[in-house]
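In case you want the letters, here they are:
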Amino acid sequence: MQKSNSPDSSTPSVLTWRGVLKWSLASAVLLALGFPQWNLVLLAWIAPIGWLMLVQAPSLPKYSYRILYLSGLAFWLIVLVGIGNAHIATRLLGWPVLSGYLAVYTPIFVLFCRPLVHRFRVPIPIVAPLVWTALEYVRAYFATGFSMAQLGHSQVDLVPLIQISSVTGAYGVSFLMMLTTSLLFMAVPKPESIVGNAPQASGAMRGGWIAAALVLVFAWYNIGWNWETTGYQLTAADDVEPVIPGGRPVLIGLVQGSIDTQFGDPTQAQRTYDQYAGLSDELMAEWKRLDLIIWPETTMGPYMPLELTKDFAPPADWNASADVVRPKIELTASKFRTFVRDLAVQRWHTPLLLGTSVVRYGNQRVDHFNAAIHVDREGAIVERYEKVHPVMFGEYVPFGDMMPFIYDLMPIGGGLTPGEGPVVIDVEGVHLVPCICFENTVPQLVAGQLRELDAAEQRVDALVTLTNDGWFYGSGILDLHLMCARFRAVEHHRPMLVAANTGISAVIDAQGTVVEAGPRQQTALLVTTVSPTSRPLSVYTTYGDWFAAGCTWLSLPLALIGLWLDRRARRVVRSSPAEEPSSV
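Throughout, a residue's number is its position along its own chain's written sequence, starting from 1. Reporting in this predicted model follows two pLDDT cut-offs: at least 70 for local features of residues, and 80 or more for side-chain atom pairs to be given and counted; totals over whole chains, interfaces and linings ignore these cut-offs and use all residues. The side-chain quantities take in all heavy atoms of the structure and omit both hydrogens and water.

Enquirer: How do you make sense of the sheet that holds strand E7 (residues 425-427) when you look at a structure like this?
Expert: Either a parallel or an antiparallel arrangement is found when strands of a sheet pair, and the pairing is made through backbone hydrogen bonds. Strand order in the open sheet formed by six strands is E7-E8-E9-E10-E11-E12, and the pairing between neighbours is mixed. Strands at the two margins of the open sheet, each flanked by one partner only, are E7 and strand E12 (514-517). Pairwise comparison of adjacent strand axes, ignoring direction, gives a mean angle of 20° for this sheet. Each pair of strands is called paired provided DSSP finds at least two bridges between the two strands. Under the DSSP-based scheme used, a helix requires at least four consecutive residues in state H or I and a strand at least two consecutive residues in state E, with every element numbered from the N terminus. Strand direction decides the pairing type here: E7 and strand E8 (residues 430-436), joined by three bridges, are antiparallel. Paired with Asp426 across the strands is His431, a residue of E8. We call two residues in contact whenever any of their non-hydrogen atoms come within 4.5 Å of each other. The convention used is that axes are lines fitted to C-alpha atoms, helices contributing only their stretch in contact, and that angles between N-to-C directions extend from 0 to 180 degrees. Where helix H15 (residues 477-492) meets the sheet, its contacts fall on strand E9 (462-468), strand E10 (496-501), strand E11 (506-508) and E12, and the angle it forms with E11 comes to roughly 25°.

Enquirer: Explanation requested: the packing of helix H6 (residues 124-141) against helix H8 (residues 171-187) in the structure shown.
Expert: The description of two packed helices rests on the angle between their axes and on the distance between the axes. At their nearest, the axes of H6 and H8 sit 8 Å apart, and the two run at 150° to each other. The angle between H6 and H8 falls in the class roughly antiparallel. As H6 packs across H8, the resulting crossing turns out to be right-handed. Between H6 and H8, the contacting residues are Ile124, Pro125, Ala128, Pro129, Leu130, Trp132, Thr133, Glu136, Tyr137 and Ala140 on the first element and Tyr171, Ser174, Phe175, Met178, Leu179, Ser182, Leu183, Phe185 and Met186 on the second. Throughout, the ten residues Ala, Val, Leu, Ile, Met, Phe, Trp, Tyr, Cys and Pro are labelled nonpolar, Asp, Glu, Lys and Arg are labelled charged, and all others, Gly among them, are labelled polar. Grouping the amino acids of the contact of H6 with H8 by side-chain chemistry returns 15 nonpolar, three polar and one charged. Throughout this description, any angle smaller than 35 degrees is read as roughly parallel, any larger than 145 degrees as roughly antiparallel, any in the 65 to 115 degree range as roughly perpendicular, and the remainder as oblique. In a left-handed crossing the near helix is turned counterclockwise from the far helix by less than a right angle, and in a right-handed crossing that turn is clockwise.

Enquirer: Just checking my understanding: could you explain the packing of aromatic side chains for this structure?
Expert: For any pair of aromatic rings, geometry is given as the distance between the ring centres together with the angle between the planes. Between the rings of Phe, Tyr and Trp (Trp by its six-membered ring), a pair exists once the centres lie within 6.5 Å; its type follows the angle of the planes, with under 30 degrees stacked, over 60 edge-to-face, and the other angles tilted. Under the counting rule described, the total for this entry stands at 20 aromatic pairs. An angle of 80° between the planes, with centres 5.6 Å apart, marks the rings of Tyr101 and Tyr105 as edge-to-face. Ring centres 5.8 Å apart and planes at 70° place the aromatic pair Trp318 and Tyr361 in the edge-to-face group. Taken together, the residues Trp318 in the loop between strand E3 (306-313) and helix H12 (322-347) and Tyr361 in strand E4 (residues 352-363) connect sequence positions 43 residues apart. An aromatic cluster is built from Tyr273, Tyr276, Trp295, Tyr303, Phe339 and Trp348, whose rings are joined through pairwise contacts. Sitting over the face of the ring of Trp95, Arg91 holds its NZ or CZ atom 5.4 Å from the ring centroid. In this structure, Lys190 is placed above the aromatic ring of Phe185, and the distance from its NZ or CZ to the ring centre is 4.5 Å. Criterion for a charge above a ring: Lys NZ or Arg CZ within 6 Å of the ring centre, and within 35 degrees of the ring normal.

Enquirer: What is the right way to look at a nonpolar patch on the surface in this model?
Expert: Patches here: salt-bridge-free residues with over 30% relative accessible area, like charges joined within 9 Å, nonpolar side chains (Val, Leu, Ile, Met, Phe, Trp, Tyr) joined within 5 Å. Using the Shrake-Rupley algorithm and a 1.4 Å probe, accessible areas are obtained, with residue cover drawn only from the displayed protein chains. Put simply, a salt bridge is a Lys or Arg side-chain nitrogen that is within 4 Å of an Asp or Glu carboxyl oxygen. Where nonpolar side chains cluster on the molecular surface, the patch consists of Trp17, Leu21, Leu25 and Val29 and spans about 300 Å² of accessible area. With respect to the element layout, Trp17 can be found in helix H1 (residues 17-33).

Enquirer: Would you mind showing me how to read helix H3 (residues 64-79) here?
Expert: The α-helix winds at 3.6 residues per turn, so residues separated by three or four positions along the chain end up facing the same way. For a helix, the expected span equals 1.5 Å multiplied by the residue count minus one. The end-to-end C-alpha distance of H3 is 23 Å, a good match for the 22 Å that 16 residues give at a rise of 1.5 Å each. Residues of H3 that are buried include every one of Ser64, Tyr65, Ile67, Leu68, Ser71, Gly72, Leu73, Phe75, Trp76 and Val79, and no others. Considering only its buried residues, H3 is in contact with H1, helix H2 (49-56), helix H4 (88-102), helix H5 (105-118), H6 and H15. The buried label applies to any residue whose accessible area, calculated with a 1.4 Å probe on protein chains only, is under 20% of its type's maximum; exposed applies above 50%, and partly exposed to all values in between.

Enquirer: Is there a simple way to think about the pairing of E12 in this case?
Expert: Here E11 pairs with E12 via three bridges, running antiparallel. Paired with Ala506 across the strands is Ala517, a residue of E12. Hairpin connection of E11 to E12: five residues between the antiparallel strands, including Gly512 at a positive phi of 90°.

Enquirer: Looking at this structure, how should I read the pairing of strand E1 (residues 250-256)?
Expert: Regular strands have side chains that alternate between both faces of the sheet. The element E1 is extensively covered by neighbouring structure, given that seven of its seven residues are classed as buried. Across the two faces of E1 the burial is the same, with Val250, Ile252, Leu254 and Gln256 and Leu251, Gly253 and Val255 all buried. The crossover handedness rule: strands pointing away from the viewer, path from first strand over the helix to second strand clockwise, crossover right-handed. The β-α-β motif built from E1, the intervening helix H11 (residues 268-287) and the parallel element strand E2 (residues 292-294) has right-handed crossover chirality.

Enquirer: Teacher, can you tell me more about the nonpolar core here?
Expert: A general tendency of soluble globular proteins is for nonpolar side chains to be buried together. Grouped together as the largest cluster of nonpolar side chains are 117 residues, with contacts concentrated most on Leu80, Phe109, Val110, Ile252, Ile294, Leu432 and Leu480. Ranked by the residues each element gives to this core, the list is headed by H15, at ten residues. Those residues in contact with Phe109 that sit more than four places away from it in its chain are Trp51, Leu52, Ala128, Val131, Trp132, Leu135 and Met178. What is meant by a nonpolar core is a set of buried Ala, Val, Leu, Ile, Met, Phe, Trp, Tyr and Cys residues, joined one to another through side-chain atoms within 4.5 Å. Judged by nonpolar contacts, the second largest core, of 22 residues, contains Ala277, Trp295, Ala344 and Val527.

Purely spatial values, then, with no claim about function.
As structure tokens, this is what we get:
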């Protein structure tokens, strides 16, 4: 994989481990500064240049890929530091393990680019965006996927620029950025240790590369601006004309409480419910009549629906018969139904979409679901969505089924049972599709759910996210989560409503613009209108990750072939020292 040059070489034309450290760490730090909470977003356009220097270098010294891994680790530890805020276990295990896994993609990026550049002579402006996009695609799927902090996410506030996402997904923005960065890289003067014996680009060529980068961004921004201004906008609590004849806008209230998650606090569940109930009282005192009130994930506190399967049998360690246990569970379930009926019919006179836990008692097993329940004006629970994509280290632990003792080390109990699929919440003819917590960070999940609903001829008017971000104590994870919500809105040409405990709740239009947002770690009440729509599904919704998959099949197989050829060449070098060794 590497040419073993002496790291202490004084020859100026040879890249040393110190040079690798300099370039790789510079890229990691600059890219981290492009994300929350620094938001120096322009740095994200130049940050990868250091890694591209290592792609260009004729040879890499010993330990280069270890140094690259450490630079990737530094980036992820900085960006994801808020992951560890909820509990000592997530700080000591979840945050470093997740960061350690994600850091692998940094050396892989350089490793896979180098044979394409050096063996197959493909220019860096072609190689880098293809490989980078391919690895983001792999990251989105491998080990259930993690798609936060993609390169393109850093530019979410440049709304015209991100409109390409409705065709390519967020991957298209990352591709555009890496292509632009690569063009700028071609214009940057490079030290001899990077270019080797190759001639430096002339001043005219450098000017040409810079001009190409500027033209690319300017042209794409203008295309996106025209795209955005001809699209559909969502307004905050204003009357808007419905798209579907005969339909009407519905008025929806988002309730944002602010209670940070504290494991082991016996009062937290009740305090959470009490705060949200009080805020809903304030909401209805101001608005009198709404078509729906939305609470975030798991904010029903100690109140949750229970259900029994037909083949219910208590687990053996309960030491009780079904005849004894069943009536108690049925009584508790009945009390919950009466409880939510009183909330919807008597207290607020409004339908509800509530984030809660659900416990299902089956045949010698107990399943726990993270769910959203829809309560209609008559107080009946008419629909329930159960989260299908549990959060790693938050709701399940990898290999926890095979090694249950791992859950004893974590504060999350025995893990979460996944639900079965998407549902549509019908609010006076307006169709909402809910997701819970980090599900909106998984692009292929949301796209797949909308395609499934479309195949069933169920219209989708808006997306809704119910999330409890009190785990993160106001850190940059809240901003990363909101970025993902905005990209999902753009990708599917549908507005997104976010109800988030501790923030950031938001009303996002179909172009990814935040129309209204709640504050960080404070309470807030947001009210907006949503209309039924006949607008078609986007290209991305219809065809999914076609663009990123195409980048993967164009680049990674050829890179693997190049690595195999280099490995074979090294064997030849060992048997014939006169041969020139591989540069990878």
